[in-house]
Amino acid sequence: MGCSLEDYENEKEQYQRPDQQWVCGWASVGKACHIGPDHKGQCHVERECVPQHDQDRWTCTRPKAWGGKCVEGPLPDGTCPHCRTRCQPVRSLLARRKVLTVWVTAAAIGAILLMLGSEHNTTMISPGELSVHHRSLEQNCESCHASAGEDLSGWLHSALSSQHGLTQSKQCLECHALGEHSLQPHSVEPVRLAMQTKRAEDSGSSEERPAWLALAELGPSIPKTEQGELSCVTCHREHRGGEFDLTQISENRCQRCHAQPFHTFSQDHPDFVSYPYNRRTRIYFDHSTHYDRHFSLFERLMPNGKKPDGCTTCHMVDSSGTRMGLRGFEESCASCHAGEIESADVLPGIRFLALPGIDRRAGDDDDDPLRKWPHRFKTGEHVLGSGATEQLTPFMQIFLSSDPDFQNAIQTLNGINLGDLSEASTEQLSAVRKYTQSIRNLLDDLVETRQSALKLRLQKLTGDTVKQRALAVLVGERSQSSAFFDAVTEVHTRWFGDGEQPASPENEAKSVTRTFGGWYDNEPDYSIRYRPSRHADLLLQTWLDACCRLLPSGSKSETARTLQERGIAGMFDLLSDRSSPGGCLKCHTVDRQHDGQLRINWTGNRHEPYHHRFTKFSHDPHLKQLGAESCGQCHVLDREIRLVRSAFTTRDWKPNIDPGSVLTSGFSTIERRKCATCHTTRSAGEHCLQCHRYHIGHFPPRSSGRFTSGSK
Amino acid sequence: MKSFARRRWRNLGIALVLAVAILVFDYVYTLSMRSFSYVSGWTLLVVILGLAAYNLRKKLPFLPLGSSATWLQIHIYAGLLTAVLFLVHIEFRVPNGVFEIVLSLLYVLVFLSGLGGLALSRLFAMRLTANGEEVQFERIPFFIRQIQDEVHQMVLNGIAETETSVIPEFYVARLKPFFDRPRHVWSHLLQSSRPSQRLHREIREQDRYLSEPEREVMRAIEDRVRLKNRLDVQFSLQGALKYWLFLHVPLTYALLVFAVIHLVLVYAFSGGI
């Protein structure tokens, strides 16, 4: 009963040209004409058919859809008698799709132009929020992107440039000061990095490379410039939202560059070689000797002392929580060692000022200044070391070296024994007079102008090397106030008289030693000496620091040439001698630095806030986790090695100034497997950045002055 | 059918292998301190241009560029692969800048419309075959008009022969709108026969008002209703197969425009590779 479309398949001449742009307007109602619109979409049909001329007659060709052949037929002139209203051609599906495509593309271009041309174009094209640290730069794209201030043509130009990577990195460095070799791997100079790489390669690795890294080596190389520089964006990707960590990086990426790759820290990270010790300690302290001998015999050796209960008696976590610092002399050492300093009254003090002695027979007559010189050797007395310079204290050598007359006199008196002037020439005797007069002048200055005289002389010698504050300490302004000058005044009166009172009789032995604070006059050798009364004596500390600063780089006292240099070197030797009162350098080490200057370590390991090392470790969380007295779990005392004294003093008991002379503090190197007990992937974590930094060096903060608020 | 299945599995296998290779290469490339986004971006752009070239290929059948069927296969599986490339390119994160959100949305729309078109071409093709006759989409209005004219004539003849107006009234009220143009497009897309069944039910309900000769006429009309219904199914399904490209093609060009500008911006603001 059903019918099918075959029953209607009797008209095959229907107009069907879907690939053309325009179709007949009647097609949608099934009455499309057989001619169709032109390519411009215009309908030219006016009649219902185009009569066909067949021999001598015209035949109607009206399609069946329009009613088939008409009864009337065409007119004799071949015109169809039936008019037809023109249709409104419509676009084919294909054409409509094409038009829509054009419109959508135009809309896309329009939208882009609107975005780029708007006031907030940078917000529009920004690929995402900045991290919270850079949030203030969101409206200031030029801070990081060199081409941000340009237009589309400028961007095209930048896009084709090959140097924008490094140009952009330099923008980063405007704020992030990372040293001289910022863009080098690890911000370290290439030579040093090459040395460490070679060391790692030579040590070799028996473990096979992780598979991913072996595969990566087949891939592209690391993107570096010819100078080996990396752009910042190699590791740091911005525009990932406020909470994104710019410093995050996978362990495998870290290892891509390293000569000794490994799988995980707990599994096969290279063992520690000397961690954490890369130099000797700054304070000479032998833990083994103290633990095994001194502390075990405490009651007998130091009955009044306080024995430490544990490591934390002497050590404490610093304010940053990272390092263990020392509690200080008073808390840690004073109970046993303060007496050594305070009981220095049994030792002779340091000779600061001393009158040299001369031959008592010198001088033409009683009015000759040489006859009036207070310190004259007895007849026949031969005093060793009685040369002109030898008798001078280093202090006096320093302050007299600015006197040209004294300099000339010293040169003339070179090799002369002041204790025997019997064969001295007239010239030499004259030099002796100048010599003694200069010393007298110095003492007169000290009495009359006190600190000013010394400051003037010292400033002439040191220039800006010694700061004003230190200068004040050196000349006794700050320590013991005017005690030194009171002492000088006292002895000056005694030695030379004050015009009203005569000088004291020569060589008159006195049984009482006068004291002026830490200063005292020692009459038998015509000297003023100093003794420290407590630890951290400011005068001695400042003089030692000044000597280190003033000593020419690389010089030793034996090689000192000028009187000034000999004085400074002599002062240093005097104060650093192991028998020197105070014994500062018995415990405080002296380091020669990279520039050759000496530096005394008055404190233990200091926290350098802007110094970034390869390895970082924070004690606080570990102590909290393991317990305050868990130090021994990591720091194991190595009783096989005593901290040898040769690492701290030379054979002649001078300070050893090489900080790398020994790489231990008396403890064994920390073993990696101990760290790996907790630091696994499932436990405390073992990511590279937990313990290592990338940017190494000294990076003090720098302000670019770019982010002023503009407020008045 | 076996060859279709074999071809599908083969092409799917190749696409999977390529997808895994992309992921592996991404990881390895990233290990070398480089950004794979540059490589994936360029690859994505080139692949999308290649996919867009399929439209051009169809317009140049006379050139020896391979068969359209092969191009279609490449278009489908390369299109699927662009999803992997895209996810790798955006590093599996949701973009959060205005421009990049628009760009990503455009890609997603193009991809989903492509997937939709692929699904339609598979599902609707089967349904069209099950529907019975094949008919050209452009000829459907012609057939509808002929059926409409025929039914109209049948109703007019019925008025002359019978004295009741049940059929004419029913024709004017329900059948004429039905025969005027394609009907129930969405129902046919969703494979719902409810509207046509309702019409048939209404036709049957007229039986009690009709005489025997009138019932004959109504049966004949009902046959045309069924035929018209089949034409409507053809119109809906074939129309969908043609109109989905109205989404896919224009969005592709918009995507290409945005992609080119994205390329310029990336290199202009790049800090290195």
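The residue numbering used here restarts from 1 in each chain and proceeds along that chain's sequence as written. Key to labels: chains lettered from A, ligands numbered from 1, both in the order written. Local features are withheld for residues below a pLDDT of 70 in this predicted model, meaning they are given only at 70 or higher, and side-chain atom pairs are given and counted only at 80 or more; totals for whole chains, interfaces and linings count all residues. Excluding hydrogens and water, the side-chain values take into account all heavy atoms of the structure.

Check the secondary structure of chain A and you find 27 helices and 16 strands. The buried label applies to any residue whose accessible area, calculated with a 1.4 Å probe on protein chains only, is under 20% of its type's maximum; exposed applies above 50%, and partly exposed to all values in between. Counting the 712 residues in chain A, one finds 41% classified as buried. Contacts are assigned to residue pairs that have any heavy atoms within 4.5 Å of one another. If you take every contact in chain A between residues at least 6 apart in sequence, the share linking residues at least 24 apart comes to 66%. Of the roughly 40,000 Å² of accessible surface on chain A, a fraction of 52% belongs to carbon and sulfur atoms. A helix here means a DSSP run of H or I that spans at least four residues, while a strand means a run of E at least two residues long, and both kinds are numbered starting from the N terminus. The protein chains shown are the only cover counted for residues, whose accessible areas, like all others here, come from Shrake-Rupley with a 1.4 Å probe.

So, on to the overall build of chain B. The secondary structure content of chain B amounts to ten helices and zero strands. Seen in sequence order, chain B has helices and strands lined up from the N terminus as α-α-α-α-α-α-α-α-α-α. Computed over its C-alpha atoms, the radius of gyration of chain B comes to 27 Å, more than 25% above the 19 Å expected for a compact globule of 273 residues. C-alpha extents for chain B along the principal axes are approximately 90 × 45 × 35 Å. Within chain B, the proportion of its 273 residues that are buried is 48%. Of all intrachain contacts in chain B linking residues separated by at least 6 positions in sequence, the fraction that spans at least 24 positions is 80%. A total of about 14,000 Å² of accessible surface is found on chain B, and carbon and sulfur atoms cover 68% of it. Only four residue types enter the charge count, namely Lys and Arg as positive and Asp and Glu as negative; His and the chain termini do not. Just so you know, the charge point we use is NZ for Lys, CZ for Arg, CG for Asp and CD for Glu. Each charge class in chain B can be summarised by its mean position, and for the 30 positive and 21 negative side chains these summaries are 12 Å apart. In this description the radius of gyration comes from C-alpha coordinates, and the expected globular size is given by 2.2 Å times residues to the power 0.38.

Residues and elements named next belong to chain A. Buried residues of helix H9 (residues 287-294): His287, Ser288, Thr289 and His290, and no others. Residues of H9 that are buried in the fold lie against strand S5 (315-317) and helix H13 (334-342). Distance and chemistry together define a polar contact, namely a pair of N or O atoms within 3.5 Å, with one atom able to donate a hydrogen and the other to accept it when in protein, and with adjacent residues in sequence counting only for side-chain atoms on both sides. Taking the backbone nitrogen of Ser288 as reference, a side-chain oxygen 3.1 Å away marks Asp286 as the first, capping residue of H9.

Looking now at the pairing of strand S11 (residues 519-522) of chain A. All names here are of chain A. Here S11 shows no split at all, with Trp519 and Asp521 on one side and Tyr520 and Asn522 on the other all buried. In this sheet, strand S12 (residues 527-530) lies alongside S11 in antiparallel orientation, the contact comprising four bridges. Within S12, the position partnered with Asn522 by the bridge is Ser527. Here a strand pair is declared whenever DSSP counts at least two bridges between the two strands.

What follows is about the packing of aromatic side chains. Two rings from Phe, Tyr or Trp (for Trp, the six-membered ring) form a pair when their centres are within 6.5 Å of each other. A pair whose planes differ by under 30 degrees is stacked, one over 60 is edge-to-face, and the rest are tilted. Counting across every chain of the model gives 32 aromatic pairs over all chains. A centroid spacing of 5.4 Å and a plane angle of 20° characterise the contact between A:Phe406 and A:Tyr435, whose relative ring orientation is stacked. Placement of A:Phe406 in helix H16 (residues 404-412) and of A:Tyr435 in helix H17 (residues 426-448) is noted, with a sequence separation of 29 residues between them. Take A:Tyr435: its relative accessible area is 0%, and that puts it in the buried class. Following the ring pairs from residue to residue traces out a cluster consisting of A:Phe352, A:Phe395, A:Phe399, A:Phe484, A:Phe485, A:Trp519, A:Tyr530 and A:Trp543. We call a charge positioned over a ring when the NZ of a Lys or the CZ of an Arg lies within 6 Å of the ring centre and within 35 degrees of the ring normal. A:Arg440 extends its terminal NZ or CZ atom over the ring of A:Phe496, reaching a point 4.2 Å from the ring centre. The aromatic ring of B:Phe178 is capped on one face by B:Lys228, whose charged end is 4.2 Å from the ring centroid.

Okay, the environment of A:Thr681 next. Considering the arrangement of structural elements, one finds A:Thr681 in the loop between helix H26 (672-678) and helix H27 (688-691). In this structure the C-alpha to C-alpha distance between A:Thr681 and A:Thr264, which are 417 residues apart in sequence, comes to 8.4 Å.

Bringing the interface of chain A and chain B into the picture now. A common way to state how big an interface is: give the accessible area lost once the parts meet. Tallying the contact residues gives 67 residues for chain A and 59 residues for chain B. In this structure, A:Arg240 engages B:Glu91 in a salt bridge whose closest nitrogen and oxygen atoms are separated by 2.5 Å. Applying the counting rule to chain A against chain B returns eleven residue pairs in polar contact (both at pLDDT 80 or more). The set of elements that each furnish at least two residues to the side of chain A that touches chain B consists of helix H1 (93-117), helix H2 (121-125), helix H3 (152-160), helix H4 (164-175), helix H6 (211-216) and helix H7 (251-255) of chain A. A per-element tally of the side of chain A that touches chain B places H1(A) first, with eleven residues. Residue composition of the side of chain A that touches chain B, grouped by class: 32 nonpolar, 24 polar and eleven charged. What counts as a salt bridge is simple: a side-chain nitrogen of Lys or Arg found within 4 Å of a carboxyl oxygen of Asp or Glu. In this classification, Asp, Glu, Lys and Arg are treated as charged, Ala, Val, Leu, Ile, Met, Phe, Trp, Tyr, Cys and Pro as nonpolar, and every other residue, Gly included, as polar.

Right, let's talk about the pairing of S12(A) for a bit. Residues of S12(A) alternate between two faces, with A:Ser527 and A:Arg529 on one and A:Ile528 and A:Tyr530 on the opposite face, all of them buried. In this antiparallel pair of consecutive strands, S11(A) and S12(A), the connection spans four residues, and A:Tyr526 shows a positive phi of 55°.

Taken as a whole and judged by the stated rule, the model has 20 salt bridges over all chains. A salt bridge links A:Lys624 to A:Asp620; the nearest nitrogen and oxygen atoms lie 3.0 Å apart. One end of the pair, A:Lys624, and the other, A:Asp620, are both in helix H24 (residues 619-626), four residues apart, so they sit about a helical turn from each other. The exposure class of A:Lys624 is exposed, given its relative accessible area of 64%. The class for A:Asp620 is partly exposed, based on a relative accessible area of 27%. B:Glu222 is the partner of B:Arg204 in a salt bridge, and the nearest nitrogen-oxygen pair spans 3.3 Å. On the criterion of sequence distance, the pair formed by B:Arg204 in helix H8 (residues 194-205) and B:Glu222 in helix H9 (residues 212-243) is long-range, its members being 18 residues apart. Shared partners join several salt bridges into a network, and the residues in it are B:Arg204, B:Asp207, B:Arg219, B:Glu222, B:Asp223 and B:Arg226.

Glancing now at the nonpolar core. In plain words, nonpolar cores are sets of buried Ala, Val, Leu, Ile, Met, Phe, Trp, Tyr and Cys residues tied together by side-chain atoms within 4.5 Å. With 66 residues, the main nonpolar core has A:Phe395, A:Tyr435, A:Ile439, A:Phe484 and A:Trp543 as its most contacted residues. Ignoring anything within four residues of it in the chain, the contact list for A:Phe395 reads A:Phe352, A:Leu353, A:Leu454, A:Phe484, A:Trp543 and A:Met571.

Taken as a whole, chain B shows an average pLDDT of 90; of its residues, 99% reach a score of 70 or greater. Per the prediction output, this complex has pTM 0.75; the corresponding ipTM is 0.91. Each residue gets a pLDDT score, which is the predictor's confidence in that residue and runs from 0 to 100.

Relative to the helices and strands, B:Ser40 resides in helix H2 (residues 36-59). The class for B:Ser40 is buried, based on a relative accessible area of 0%.

Residues and elements named next belong to chain B. Between its terminal C-alpha atoms H8 stretches 16 Å, which fits the 16 Å expected from twelve residues at 1.5 Å a residue. Restricting attention to buried positions, one finds in H8 the residues Pro195, Ser196, Leu199, His200, Glu202 and Ile203. Viewed end-on, H8 has its buried residues packed into an arc of 160°, placing them on one side of the element. Buried residues along H8 sit against helix H6 (166-180), helix H7 (185-189) and H9. To estimate how far a helix should extend, the number of its residues minus one is multiplied by 1.5 Å. Arc, as used here, means the arc of the directions from the helix axis to the C-beta atoms.

All names here are of chain B. Note on method: axes are straight lines fitted to C-alpha atoms, helices fitted across the in-contact stretch only, with angles between N-to-C directions ranging 0 to 180 degrees. Contact geometry of helix H4 (residues 98-131) with H9 gives a least axis separation of 10 Å together with a crossing angle of 160°. Between H4 and H9, the angle falls in the class roughly antiparallel. The handedness of the crossing between H4 and H9 is left-handed. Where H4 abuts H9, its residues Leu120, Ser121, Phe124, Arg127, Leu128 and Asn131 lie against Arg230, Val233, Gln234, Leu237, Gln238, Ala240 and Leu241. Class assignment of the residues belonging to the contact of H4 with H9 gives a composition of seven nonpolar, four polar and two charged. Throughout, the term roughly parallel applies to angles under 35 degrees, roughly antiparallel to angles over 145, roughly perpendicular to angles from 65 to 115, and oblique to all others. Left-handed is the label given to a crossing in which the near helix is rotated counterclockwise from the far helix by less than a right angle, and right-handed is the label when the rotation is clockwise.

All names here are of chain A. One non-glycine residue, His186, adopts positive backbone phi at about 65°. By the element assignment, His186 lies in the loop between H4 and helix H5 (190-203). Positive phi, close to 60°, is recorded for His239, a residue that is not glycine. Inspection of the secondary structure assignment puts His239 in the loop between H6 and H7.

Let us look at the environment of A:Thr197. Relative to the helices and strands, A:Thr197 resides in helix H5. Considered as a pair, A:Thr197 and A:Ala259 are 62 residues apart in the sequence and their alpha carbons are 6.5 Å apart.

Another point: the environment of A:Asp444. Residue and element names in this part refer to chain A. Tracing the backbone shows Asp444 in helix H17. Sequence separation of Asp444 and Asn522 is 78 residues, and the distance between their C-alpha atoms is 19 Å. Side chain to side chain, Asp444 and His492 meet in a polar contact 2.5 Å long.

Further remarks concern the confidence of the model for chain A. Per-residue confidence for chain A gives a mean pLDDT of 80; residues scoring 70 or more make up 84%. Below a pLDDT of 50 lies the segment residues 506-512 of chain A, which in the model reaches nine contacts outside its immediate sequence neighbourhood of four places, other chains included.

Further remarks concern a nonpolar patch on the surface. Think of a patch as exposed residues, more than 30% relative accessible area, with no salt bridge, where like charges cluster within 9 Å and nonpolar side chains (Val, Leu, Ile, Met, Phe, Trp, Tyr) cluster within 5 Å. Together, A:Trp212, A:Leu215, A:Leu218, B:Val20, B:Val24 and B:Tyr27 give the surface a local cluster of nonpolar side chains, amounting to about 550 Å² of exposed area. Per-element tally for the nonpolar patch: the top contributor is helix H1 (residues 2-31) of chain B, with three residues. By the secondary structure assignment, A:Leu215 is in helix H6. Residue A:Leu215 is classed as partly exposed on the basis of its relative accessible area, which comes to 36%.

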